[in-house]
Amino acid sequence: MNTEFKDHSELSDIFNKDEARVDWHDETLWFVRAKRDKAAHGIPEWESLREAASQIKNNVLSNLHDYLVEFEENARKNGVTVHWAADAAEHNQIVHNILKEQGVNRLIKSKSMLTEECHLNEYLKKNGVEVIDTDLGERIVQLAEEPPSHIVLPCIHKKKEEIGDLFHEHLGTPAGMADPVFLTAAARTHLRETFITRKAAITGVNFAVAETGEFVVCTNEGNADMGAHLADVHIACMGIEKIIPKRRNLSVFLRLLTRSATGQPITTYSSHFRKPRPGQQMHLVLVDNGRTTQLSRPDFRNSLKCIRCAACMNTCPVYRRSGGHSYHTAIAGPIGSILAPNLDMKEYADLPFASTLCGSCSNVCPVKINIHEQLYKWRQVIVKEGYAPAKKAMAMKVMEFTLSSPFIYKNAGKAGRWFMKHAPFTVNNKLNLWYDHREMPEVPKESFGEWYNKNVKND
Amino acid sequence: MTNSRAEILAKVLKNQPELQPLPADLVTVTHYDNPIENFKTILTNIGGSAVNVPDYQSIQDYIKTHFPNQRIVSTLAELSAISEQGWENQDPHSYENVDLAVIRAHFGVAENAALWITEDLMHQRAVPFICQQLAVVIQAKDIVETLHDAYVNIADSVYGFGTFIAGPSKTADIEQSLVLGAHGPKGMTVFILD
Ligand code: SF4
């Protein structure tokens, strides 16, 4: 795509040039994280919900073949046309063919990370089809000709003044107008006009029920419904891992999804599409695009349990301070850093290193994916396969060496503390990727081991 | 064209791990002292409003006061005195200028103020989304506690389209400022019949 490849730390450098913005980005996402905590704490049985969700998804992955066949059969009985796409290219062709058959060259799309992953918009544009994204955040980044920087909050990196400028240029709002209520109203008018005039609508899928052949789409804005119920053709695109066995399993996932995402008790609309309305065509595209490969990797397969709530991003100290675009992939943050190397280990070799491995992601994940452990495992795979960025490979080797010997570990710590106290620049310099742009913590005078020996052992 | 279906299914079969059991269904374990009050509080928090009414006459009176001189459509025969007649079976695009749509829900959910509505209650699927304001009528006895109870109620009922609606359409995409009325209704009134 881009000729000049920049990795996560270089892209973060760009984002980090504007410190005030980084602070603002960090605080905004932490605010969302805090709302998630409040919502989760409001449900005393939260942990049993997470456990149930995790187990249901484990069951799905272990029986995916049969569930896919069952889902397809039921969807067909419901009058839905089911398509299968091995990869992004086939997915895009299938969508384009449906549009060609209908003679449609303008369509609307509600949020679908899968179509981002497949770069559907670019593909259709090249083929003369105009796509208008209808989720407000996605429309904003589309006008800015940028990809979304967050899977739930696509334009979280943008200030309202920048959005005001974009709307002034494209929608004719008054110059300098940056009031969110005013701007949302302008977008409503503009997008309502598009809803009324487009004959085809694409939506994503949050959950697809094997038992009934129905699929569920969750939005707050109502844009998926506005699109689908007014269009003659509805195309829903989903990764094959979105299947759940029974309709009643939805109670577990719908209780978890939005509380984890934004702290809301549920999205405004949780729409269950089962049959096309009379006279309407409904298509469903099931996409693999690397998912069966991830399924074959025991260490990484349960990343396929993800329900795309983004809690792991909101809580991630690296994501919050480096911004979604620094991940140079459709799905940013901790989960994206596990999914991307599966698709291209070389191109995304840097991403598993974009983490402090603090484990906060795994703690908030509603389906209990061991995110930080998988990031650590990817590092090992990537180093072994020879894809690691040189500086990181060296750091990993030193760490391995240090940790492998208790003597060296003890003294390495001592030396490190001495260096940080007396010559912090040797640690906080350009060669040390970890401390690049980070405040160094205050140095403890003694290590835990020394403290323990002195204070506890002597008791 | 290659047979992607067969290829994908073969890969899934080869790569899926050993069968893991489906866990037992969850049931509601935390109970509300007053589910109706909880429903009302949550609905208010998410931008809707709840109105307790003794009968349909009170609903009509409320609508007449709060939505005067507006285009009102309803699927409820009880409200025919205040709603447009013969609005059904039009092109769904024509409902774009409906100011208020009044429909019924099967039940409401106390934990999140969601209302379960299937297409037979909407007349046309677009109606609850395209109207400027939505009002929904439910019976007080039809408020369940959690989504677990909700799916017990839904069970294996057959519908072409069904949705949970919780409050008015909203977005917080611009700097996390909550704005009601993104694409769909700007407001939502729930009439709770005692
Ligand atoms: S990995 Fe977990 S926390 Fe992250 S988006 Fe997926 S479900 Fe949410």
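Residues numbered from 1 in each chain as written. Chains lettered and ligands numbered in written order. Predicted model: local features only at pLDDT ≥ 70, side-chain atom pairs only at ≥ 80, totals over all residues. Heavy atoms only, no water.

With that settled, consider the site of the ligand. All names here are of chain A. If you check the shell around the ligand, you find 13 residues, and the closest are C306, C309, A310, C312 and C365. Placement of the ligand is best described as lying within the largest cavity. Here the residues of the shell around the ligand are counted per class, giving twelve nonpolar, no polar and one charged. (Near = heavy atom within 4 Å. 1 Å grid on protein atoms, 1.4 Å probe; cavity = no way out; pocket = protein on both sides within 12 Å on 5 of 7 lines; lining within 4 Å. Sits in = over half its atoms within 2 Å of the grid points. Nonpolar A, V, L, I, M, F, W, Y, C, P; charged D, E, K, R; others polar.)

Let us now look at the packing of aromatic side chains. For any pair of aromatic rings, the description rests on two quantities: the centre-to-centre distance and the angle between the ring planes. Enumeration over the complete set of coordinates arrives at twelve aromatic pairs over all chains. A ring pair is formed by B:W116 and B:Y159, whose centres lie 5.4 Å apart and whose planes are at 70 degrees; its orientation type is edge-to-face. With B:W116 in strand β5 (residues 114-118) and B:Y159 in the loop between α5 (147-154) and β8 (161-165), this residue pair connects regions lying 43 residues apart in the sequence. By the burial criterion, B:W116 is buried, and B:Y159 matches it. Following the ring pairs from residue to residue traces out a cluster consisting of A:F215, A:Y269, A:F273, B:F129 and B:F161. Positioned above the aromatic ring of A:F253, the side-chain terminus of A:K57 is 5.5 Å from the ring centre. Residue placement shows A:K159 over the ring face of A:W24; its charged tip is 4.3 Å from the ring centre. (Phe/Tyr/Trp six-rings, centres within 6.5 Å; stacked < 30°, edge-to-face > 60°. Helix = DSSP H or I, 4+ residues; strand = E, 2+ residues; numbered from the N terminus. Buried < 20%, exposed > 50% of the residue type's maximum accessible area, 1.4 Å probe, protein only. Lys NZ or Arg CZ within 6 Å of the ring centre and 35° of its normal.)

Let us now look at the interface of chain B and chain A. Each partner contributes residues to the interface: chain B has 71 residues there, and chain A has 92 residues. Approximately 6,900 Å² of surface area, both sides summed, lies buried where chain B meets chain A, with 60% of it carried by carbon and sulfur atoms. Remark: the boundary between chain B and chain A carries five salt bridges. Measuring nitrogen to oxygen at the nearest pair gives 2.8 Å for the salt bridge that ties B:E111 to A:R259. (Contact = heavy atoms within 4.5 Å. Buried area = accessible area lost by both parts, 1.4 Å probe. Salt bridge = Lys/Arg side-chain N within 4 Å of Asp/Glu carboxyl O.)

The next point concerns the sheet that holds strand β1 (residues 49-53) of chain B. Residues and elements named next belong to chain B. If you walk across this open sheet you meet the five strands as β1-β11-β6-β3-β2, and the pairing is parallel. Strands with a single pairing partner mark the edges of an open sheet, and in this sheet they are β1 and β2 (72-74). With strand direction ignored, the average angle separating the axes of adjacent strands in the sheet is 20 degrees. Relative to strand β3 (residues 100-104), β2 runs parallel, the two sharing three bridges. From the neighbouring strand, V73 faces β3, where its bridge partner is A101. Lying over the sheet, helix α2 (residues 35-45) contacts β1, β6 (133-139) and β11 (187-193), oriented at roughly 170 degrees with respect to β11. (Pairing = 2+ DSSP bridges. Axes fitted to C-alpha atoms, helices over the stretch in contact; angles between N-to-C directions.)

On to the side chain of B:H183. With respect to the helices, strands and loops of the structure, B:H183 is situated in the loop between β10 (179-180) and β11. Discounting chain neighbours no more than four positions away, the residues touching B:H183 are A:T134, A:L136, A:R188, A:L191, A:R192, A:F195, A:E221, A:N223, A:M226, B:F129 and B:S169.

A separate point is the side chain of B:Q124. Position of B:Q124 relative to the elements: it lies in the loop between β5 and α4 (127-130). If sequence neighbours within four positions are ignored, B:Q124 has contacts with B:N89, B:Q90, B:P92 and B:Y95.

In terms of nonpolar packing, the biggest core is built from 144 residues, with A:I243 and B:F164 touching the most fellow members. In terms of nonpolar packing, the next biggest core, distinct from the first, is built from 21 residues, A:L107, A:C118, A:L124 and A:I235 among them. (Core = buried A, V, L, I, M, F, W, Y, C linked by side-chain atoms within 4.5 Å.)

The next subject is the environment of A:H372. All names here are of chain A. Here H372 lies in helix α18 (residues 371-384). Of the residues examined, H372 reaches a relative accessible area of 22% and is grouped as partly exposed. Once the C-alpha coordinates of H372 and S149 are considered, the two residues, 223 residues apart in sequence, prove to be 21 Å apart. The residues touching H372, leaving out its near neighbours within four places in the chain, are L357, G359, C361 and S362.

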